[in-house]
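If you want the building blocks of each chain, they are given just below.
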Amino acid sequence: MPVPARVPDELRSRVFRGSTAVRTGVLTPDQLRAPVWRTLFRDVHVHRDVPDSHLLRVRAAAVLLPAAVVTGPSAAVVWGVDLAGIDDDVEVTLPPRTHPRRIAGIRVRRAELSHLDVRGRRGFRVTTPEATAVRLAALLPRDDAVVAVDQLIATGAVDLEPIRALASVGRGPGSARARQVCALADGRAESPQETRLRLLMLRGGLPTPVPQFSVRVDGRFVARVDFAWPDRKLAVEYDGLWHADDRQFAEDRQRLNRLHAAGWRIVFVTKRDMRDPERLLALIARALAD
């Protein structure tokens, strides 16, 4: 009968350097080669029962490169925004004079980071939410970048004004683009598609709606809507009732009835509608004109 692999308690749930475990006598070389351990990067291992994720890979990269700062989409994952998956490279930044290294699965940048833009979190160093947002604003395609900034704000880790303030003093490649993206961000969207819908309406020349507007009648709260033109009592809602379970469907129907009773009209937008922006913009424009 095969002997079960030895699993020390201190290694059961954390990422570790194999060479350190062997040097300190926690594992022997043969024990380290047992299939109970999964290799994340060379010499970096974890117990096979620990679920894989980009955040786990970030932790592994930090163990391998303790001087590095986690940046870009990987930093966004650390702050609670899923902008990178298991198969995406972990982005880290090292000082410019650091000896170049190529590591499969890790994208190493070299840049000078201000100590004000770096914070300790989860046992490693990562750019602050503000610095992460500005980096993404300079890095991603425009709409994706605005979505990313809005999502970071939605986590509650940062507000819009500190992001815009940091972008305003940025210099160098991508800094002008970062300022443009941060100017477009709103910070009130509750989903990526709400941000994309807001940008679509903005580009389409529609009157600027009020995001996350609370409808009230005689001071009594009726409902909150994604986008509103209060003077016309018109709201635009992303998804609406289309993907709800039975209980949510019933609650949304009651909410819709309250809005109708208050004299409001609602234009519901689905994922399919977003694929035909010209038709969608025309639909909203007609509702505004009625």
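Report follows, based on the coordinates. (Residues numbered from 1 in each chain as written. Predicted model: local features only at pLDDT ≥ 70, side-chain atom pairs only at ≥ 80, totals over all residues. Heavy atoms only, no water.)

## Quick notes on the packing of helix H7 (residues 160–168) against helix H8 (residues 175–184)
Packed helices, taken two at a time, are described by the angle between their axes plus the distance between the axes. One way to put it is that H7 packs onto H8 with a least axis distance of 9 Å and a crossing angle of 160°. Classified by the angle their axes make, H7 and H8 are roughly antiparallel. As H7 packs across H8, the resulting crossing turns out to be left-handed. Contacts between H7 and H8 involve Leu 160, Ile 163, Arg 164, Ala 167 and Ser 168 from the former and Ala 178, Arg 179, Cys 182 and Ala 183 from the latter. When grouped by side-chain class, the residues that make up the contact of H7 with H8 number six nonpolar, one polar and two charged. (Axes fitted to C-alpha atoms, helices over the stretch in contact; angles between N-to-C directions. Helix = DSSP H or I, 4+ residues; strand = E, 2+ residues; numbered from the N terminus. Parallel < 35°, antiparallel > 145°, perpendicular 65-115°, else oblique. Left-handed = near helix turned anticlockwise from the far one by under 90°. Contact = heavy atoms within 4.5 Å. Nonpolar A, V, L, I, M, F, W, Y, C, P; charged D, E, K, R; others polar.)

## A look at the nonpolar core
Ranked by internal contacts, the top residues of the largest apolar core, which has 48 residues, are Phe 41, Leu 65, Val 70, Val 92, Ile 106, Val 149 and Ile 163. Ignoring sequence-local partners within four residues, the contact set of Val 70 consists of Val 58, Ala 75, Val 78, Glu 91, Val 92, Phe 124, Arg 125, Val 126 and Thr 127. Of all hydrophobic cores here, the second largest spans 17 residues; its members include Met 201, Phe 227, Ile 284 and Ala 287. (Core = buried A, V, L, I, M, F, W, Y, C linked by side-chain atoms within 4.5 Å. Buried < 20%, exposed > 50% of the residue type's maximum accessible area, 1.4 Å probe, protein only.)

## Section: the sheet that holds strand S10 (residues 220–229)
The strand order across the open sheet built from four strands is S9-S10-S11-S12, with neighbouring strands paired in mixed fashion. Across the chains shown, the open sheet's two edge strands, defined by having one partner strand only, are strand S9 (210–217) and strand S12 (265–269). Ignoring which end each strand starts from, the neighbouring axes of this sheet average 45° apart. Examined bridge by bridge, strand S11 (residues 234–238) and S12 share five bridges and lie parallel to one another. What sits directly across from Glu 237, in S12, is Phe 268. Running over the sheet, helix H12 (residues 277–289) touches S10, S11 and S12 and is turned about 175° from S12. (Pairing = 2+ DSSP bridges.)

Interpretation note: all reported values are geometric properties and have no functional meaning in isolation.
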